[in-house]
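# Summary of structural features
Residue strings, one per chain:
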Amino acid sequence: MKPTIVRNIQRANPESIRLLGEYGVATVHEAQGRTGLMRPYMRPIYASARAAGSAITISSHPGDNLMIHAAMELVKPGDILVVTTTSESTDGMFGDLLAASCVAHGVAGLIIDAGVRDVTDITEMGFPVWARAIHAQGTVKNTGGSVNIPVVCAGAPIQPGDVIVADADGVVVVPRKDADSVAAAAKERIAKEAKTRERLRKGELGLDFYGLRAKLNELGVQYVDELKE
């Protein structure tokens, strides 16, 4: 495919994006049928990082951040940059200067299946980043790539405009067309879990209200008072 920059993309309902971010990665993942997670090596650079927004997808040559710069003129406030490379890389393709630009343009966060650096400065800015690695290795700006095309990032297929939700539990992708229905399903799950949590706090056992005693019996699990010597 010839290197291509797509200027315009469709985005999900802003209220659905907000709610998905509020509900968090684990709940959203469960609400959409336990799908959409990126690989667990994608970690936030600081523990309290949270973000939700529309994906601006970026396909870059490894060790080259030219296309991240190219994408910056296309972003809208609340978007999330999703960066992949055409072969595996851990080079520090994003640092405090690009983070400053992201903050200035209202970018909600960065997901990069490669390396980042200047993490102390980026953390002090409060700019949320999830990365494959922290690596000070410098990069160049020499090779063309693409912006706003379908990509696979850390094992998850992503279309431009899909909703990205990220927090301390990782990163999950919600297809743009499903954002409203997944937000509704996540809301129902939150309400159900609130009732479950209250029962657990009162000391009730999951074995009983989940009906798991019958499951143990079905699986042939036996109880004994003590092991014989």
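Preceding this section is the structure that the text describes.
Residues numbered from 1 in each chain as written. Predicted model: local features only at pLDDT ≥ 70, side-chain atom pairs only at ≥ 80, totals over all residues. Heavy atoms only, no water.

Attention shifts here to the overall build of the chain. If you tally the helices and strands in the chain, you get eight helices and 11 strands. The principal-axis extent of the C-alpha atoms belonging to the chain is close to 70 × 45 × 35 Å. Counting across all 229 residues of the chain, residues that qualify as buried make up 44%. Sequence-distant contacts in the chain: of pairs separated by 6 or more residues, those separated by 24 or more amount to 76%. Seen as two clouds, the 25 positive and the 27 negative side-chain charges of the chain have centres 5 Å apart. (Helix = DSSP H or I, 4+ residues; strand = E, 2+ residues; numbered from the N terminus. Buried < 20%, exposed > 50% of the residue type's maximum accessible area, 1.4 Å probe, protein only. Contact = heavy atoms within 4.5 Å. Lys, Arg positive; Asp, Glu negative; His and termini not counted. Charge placed at Lys NZ, Arg CZ, Asp CG, Glu CD.)

This brings us to helix α1 (residues 14–23). Within α1, the full set of buried residues consists of S16, I17, L19, L20, G21 and Y23. Looking at the buried side of α1, the elements it contacts are α2 (25–31), β2 (51–60), β10 (163–167), β11 (170–174) and α6 (179–201). Two or three places before E15, at the start of α1, stands the capping residue N13, its side-chain oxygen 3.1 Å from that residue's backbone nitrogen. One or two positions beyond α1, positive phi appears at G24, with a value near 95 degrees. (Polar contact = N/O pair within 3.5 Å; in protein donor to acceptor, adjacent residues only side chain to side chain.)

Between side chains of opposite charge, pairing is possible as soon as their charged atoms come close. Using the criterion set out here, one finds 12 salt bridges in the structure. Note that R11 and D79 form a salt bridge whose closest N and O atoms lie 2.8 Å from each other. One end of the pair, R11, is in the segment before α1; the other, D79, is in strand β3 (residues 79–85), with 68 residues separating them in the sequence. For R11, a relative accessible area of 25% translates into the label partly exposed. Via salt bridges that share partners, E30, R34, R189 and E193 belong to a single interconnected network. (Salt bridge = Lys/Arg side-chain N within 4 Å of Asp/Glu carboxyl O.)

If you check which residues of helix α4 (residues 96–104) are buried, you get L98, A99 and C102. Along α4, the residues classed as buried sweep out an arc of 105 degrees about the axis, all on the same side. Among the exposed residues of α4, those pointing more than 90 degrees away from its buried face are L97 and A104. Check the buried side of α4 and you find it contacts α3 (66–71), β3, β4 (92–94) and α5 (119–125). (Arc of directions from axis to C-beta.)

Attention shifts here to the pairing of strand β6 (residues 129–134). One ladder, built from two bridges, connects strand β1 (residues 43–44) with β6; its direction is antiparallel. Each bridged residue has a counterpart across the sheet, and for R43 the counterpart in β6 is A131. The sheet contact formed by strand β5 (residues 109–116) and β6 spans five bridges and is parallel. Paired with I112 across the two strands is A131, which belongs to β6. (Pairing = 2+ DSSP bridges.)

This brings us to the packing of aromatic side chains. Applying the stated criterion across every chain, the model contains two aromatic pairs. Between F209 and Y210, the aromatic rings sit 4.6 Å apart at their centres with planes inclined by 50 degrees, giving tilted as the arrangement. The aromatic ring of Y41 is capped on one face by R132, whose charged end is 4.4 Å from the ring centroid. (Phe/Tyr/Trp six-rings, centres within 6.5 Å; stacked < 30°, edge-to-face > 60°. Lys NZ or Arg CZ within 6 Å of the ring centre and 35° of its normal.)

Let us now look at the pairing of β11. Among the five residues of β11, five are classified as buried, and the element is accordingly described as predominantly covered. Going residue by residue along β11, you find G170, V172 and V174 tucked away on one face and V171 and V173 tucked away on the opposite face as well. Inspection of the sheet shows β10 paired to β11 by five bridges, in the antiparallel sense. For I164, the partnering residue across the bridge sits in β11 and is V173. Following β10, the chain reverses through two residues before pairing antiparallel with β11.

Topologically, S89 is positioned in the loop between β3 and β4. With a relative accessible area of 5%, S89 lands in the buried category. A polar contact is formed between the side chain of S89 and the backbone nitrogen of D91, at a distance of 3.2 Å. Setting aside chain neighbours within four positions, we find S89 in contact with P62, G63, D113, A114, G115 and R132.

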